[in-house]
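# A structural walkthrough
Listed here are the chains, written in short residue letters.
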Amino acid sequence: DVALRNSRRLLRLVNQLLDFQRIGAGKRSFEMQTHNLVEFTRICGDYVGSTGKTRGIGFGVLVNDKPIESDTQPIHSQVDLDALEKITMNFLSNGLKFTPRGGSVQLKLDVNEDKARLSVQDTGSGIPKEALEDLFAVFSQVDGTTTREHEGSGLGLALAKELTEGM
């Protein structure tokens, strides 16, 4: 189990580094296609919901502040699905990582007129003001000490920022 978990973590790290390399070299093209954001949000929620349950963290998926249901109306938008998934999963991963047992994480899809917004809200400890400036910098971490409590490479949010700017 430990070897499998560590090999998956290493694969994610290598893929993030390759994504940065492609973006930096101008070889990352974005394939904008119409996708149902409600279905995308539901799938992301299904993917991480069990992790929240295992860690004792409440997890919910909301569309316009209502729990997502099987009859929730589809919301279509032009997105690069791969980029959107990487961005969303990075934010969800951080939400789950920094939220203590008994806390909660929510994935929210809000639609207002012709705009859709995905967001992650959690009851974690938050980010100190002095760390906000470097939050999206490559290899930046709020706790940069060698004895930090949470593992991470400092690439996830930097990659999310690059992908967001590219779309």
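This report concerns the structure included in the present document. (Residues numbered from 1 in each chain as written. Predicted model: local features only at pLDDT ≥ 70, side-chain atom pairs only at ≥ 80, totals over all residues. Heavy atoms only, no water.)

### Overview of the overall build of the protein chain
Helix and strand content of the protein chain: 5 helices and 6 strands. Each helix and strand of the protein chain, ordered N terminal to C terminal, gives the series α-β-α-β-β-β-α-β-β-α-α. Put simply, the protein chain has 167 residues, and 29% of those count as buried. For the protein chain, contacts bridging at least 24 residues in sequence account for 70% of all contacts bridging at least 6. As displayed, the protein chain offers around 11000 Å² of accessible surface, 50% of which is attributable to carbon and sulfur atoms. (Helix = DSSP H or I, 4+ residues; strand = E, 2+ residues; numbered from the N terminus. Buried < 20%, exposed > 50% of the residue type's maximum accessible area, 1.4 Å probe, protein only. Contact = heavy atoms within 4.5 Å. Areas by Shrake-Rupley, 256 points an atom, 1.4 Å probe, with all protein chains shown as cover.)

### What to know about the side chain of Thr88
Looking at the element boundaries, Thr88 is found in helix 3 (residues 81-98). The buried category is assigned to Thr88, whose relative accessible area is 5%. A polar contact is formed between the side chain of Thr88 and the backbone oxygen of Leu84, at a distance of 2.8 Å. Once you skip the residues sitting within four places of it in the chain, Thr88 turns out to touch Phe40, Cys44, Leu107 and Leu118. (Polar contact = N/O pair within 3.5 Å; in protein donor to acceptor, adjacent residues only side chain to side chain.)

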